[in-house]
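# Examination of the molecular architecture
Each chain, written out:
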Amino acid sequence: MWQAAVGAVPATGNYMYLESRPGDYVGAGKTYTYTQSNASLKLNTQTGFLGVNVTGDQNWTGSFKGMKDMSQLAVGYYPGLSRYPFNNPVLGGLDWSGDGRGCNNLNGWFAVDKISYSGATLTAVDLRFEQYCDGSTVPLRGQLHWVANDTTTPPGPQIPVPANLWKPADSFVPPAGNFIYLVSDSGDYIGGGRTQLLTPATTSFTSISNLTAAWRIGAGGWWGNFVGMNSLSQLKPGYYADLQRYPFHNPVRGGMDWSGNGRGCNKLTGWFVVDNVSYALGELTSIDLRFEQHCEGNVPALRGMIHWAK
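One structure accompanies this document, and this report is about it. Small disclaimer: the values here were computed from a predicted structure and weren't measured.

## Observations regarding the overall build of the protein
Check the secondary structure of the protein and you find 0 helices and 20 strands. Taking the principal axes of the C-alpha coordinates as reference, the protein spans close to 70 × 40 × 35 Å. Within the protein, counting contacts between residues at least 6 apart in sequence, those at least 24 apart form 55% of the total. Total accessible area on the protein is roughly 14,500 Å²; 50% of this is exposed by carbon and sulfur atoms. Computed over 21 positive and 21 negative side-chain charges, the inter-centroid distance for the protein is 3 Å.

This is the structure in structure tokens:
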């Protein structure tokens with residue numbers, strides 16, 4: 001039966017590995033590797049059942065159901081499976097779906113190579129599977145390794161900040177006090193190719209700063225959301241890279257969004273940098289931040305610099 005090639009999966013730590021070929025609808029012909037450094041891996045158990053939830057740059061849900069009357073999954077091969085929960089209960093069931101894609105019908109198998117429980121609590125599992133979607137001859141395959149005591153946590157923001165990230169031109173002279181400076185490329189839908197400087201003298205500012213590792217700022221009809229990794233309790237100085245649109249982002253990396261005045265991205269990629277930040281009694285009191293976002297996979301960018309102090 002299929003097993004991930006040597007070197008295809010991490011040597012240590014929990015992981016979920018997916019291997020798809022062109023023609024497989026669910027995996028879209030791509031290979032994905034998730035660890036606790038780049039995604040949230042959560043498992044849940046019920047009677048004879050294992051559920052796997054991956055929340056990362058993509059979101060996936062896996063369901064593995066044993067034969068009727070099994071109280072817990074056991075080591076072995078589970079063949080001839082159809083889509084859970086519409087499966088033959090005598091044989092068990094299987095389903096892997098996500099990123100907006102799933103099978104109407106499927107056939108496949110899974111194999112439990114190792115599994116251990118402490119009472120009713122799962123403590124470790126090694127599992128492989130293969131599924132064929134809606135009569136396709138091209139499989140989606142996956143391999144899971146998970147132990148409850150893996151303490152791997154995501155990295156925080158990058159320090160030092162890369163020197164090649166955007167900063168305003170030398171000709172820009174920051175005004176005294178709070179400001180938002182926006183520079184939009186020609187072809188950027190959100191900013192419309194304009195340069196704007198917002199200050200309290202021209203518009204009111206609204207800051208929501210008592211958030212966990214996040215900050216929300218509004219001015220001039222715009223709203224910006226800047227969210228750190230879910231391993232943080234507060235925003236820290238550094239570079240927050242490879243971000244997706246808040247609130248549909250990978251929680252392990254963080255997220256962002258700049259929108260307003262009737263315009264917003266469906267999807268975005270971007271980054272932000274916290275150059276300076278301070279807190280008092282758990283509430284953000286000042287911040288200097290830069291960001292860049294690209295809307296719908298387009299090259300033109302919206303960039304900004306913000307200084308705010310309570």
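## Details of the sheet that holds strand β1 (residues 15-20)
Across the sheet, 10 strands lie side by side as β2-β1-β10-β9-β8-β6-β7-β5-β4-β3; this open sheet has mixed pairing. The open sheet has two edge strands with one neighbour each: β2 (31-35) and β3 (40-46). Put simply, the sheet's adjacent strands are angled 20 degrees from each other on average, direction ignored. In the sheet, strand β8 (residues 106-118) pairs with strand β9 (residues 121-133) via 12 bridges, with the strands oriented antiparallel. In the strand pairing of β9, Val112 is matched with Leu127.

## Details of the layout of surface pockets
In this model, the largest pocket occupies a volume close to 550 Å³. Lining the largest pocket are 23 residues, with Asp57, Asp99, Gln244, Phe248 and Lys267 sitting closest to its centre. Only β2, β16 (238-245) and β18 (268-280) provide two or more residues apiece to the lining of the largest pocket. With 4 residues, the single largest contributor to the lining of the largest pocket is β2. Residue composition of the lining of the largest pocket, grouped by class: 5 nonpolar, 11 polar and 7 charged. Of the volumes computed, that of the second largest pocket is approximately 180 Å³. The class makeup of the residues in the lining of the second largest pocket is 7 nonpolar, 4 polar and 2 charged.

## Examining the state of the cysteines
Scanning the model with the defined rule gives 2 disulfides in all. A disulfide bridge connects Cys103 with Cys133, and the sulfur atoms are separated by 2.2 Å. In this structure the cystine formed by Cys103 and Cys133 twists about its S-S bond by roughly -135 degrees; its chirality is therefore left-handed. Of the two residues, Cys103 sits in the loop between β7 (93-98) and β8 while Cys133 sits in strand β9, which places them 30 residues apart along the sequence. Through a disulfide, Cys265 is tied to Cys295; the S-S separation comes to 2.2 Å. Given an S-S torsion of about -135 degrees, the disulfide between Cys265 and Cys295 has left-handed geometry. Here Cys265, found in the loop between β17 (255-260) and β18, pairs with Cys295, found in strand β19 (residues 283-295); they are 30 residues apart in sequence, far enough to count as distant.

## Digging into the pattern of salt bridges
Following the criterion strictly, the structure yields 9 salt bridges and no others. Two residues, Glu19 and Arg21, come together in a salt bridge whose shortest N-O distance is 3.4 Å. Residue classification places Glu19 among the buried residues on the basis of a relative accessible area of 11%. The class for Arg21 is partly exposed, based on a relative accessible area of 41%.

The rules we used
Residues numbered from 1 in each chain as written. Predicted model: local features only at pLDDT ≥ 70, side-chain atom pairs only at ≥ 80, totals over all residues. Heavy atoms only, no water. Helix = DSSP H or I, 4+ residues; strand = E, 2+ residues; numbered from the N terminus. Contact = heavy atoms within 4.5 Å. Areas by Shrake-Rupley, 256 points an atom, 1.4 Å probe, with all protein chains shown as cover. Lys, Arg positive; Asp, Glu negative; His and termini not counted. Charge placed at Lys NZ, Arg CZ, Asp CG, Glu CD. Pairing = 2+ DSSP bridges. Axes fitted to C-alpha atoms, helices over the stretch in contact; angles between N-to-C directions. 1 Å grid on protein atoms, 1.4 Å probe; cavity = no way out; pocket = protein on both sides within 12 Å on 5 of 7 lines; lining within 4 Å. Points joined across faces, edges and corners; volume = space filled by probe spheres on them. Nonpolar A, V, L, I, M, F, W, Y, C, P; charged D, E, K, R; others polar. Disulfide = S-S within 2.5 Å. Salt bridge = Lys/Arg side-chain N within 4 Å of Asp/Glu carboxyl O. Buried < 20%, exposed > 50% of the residue type's maximum accessible area, 1.4 Å probe, protein only.

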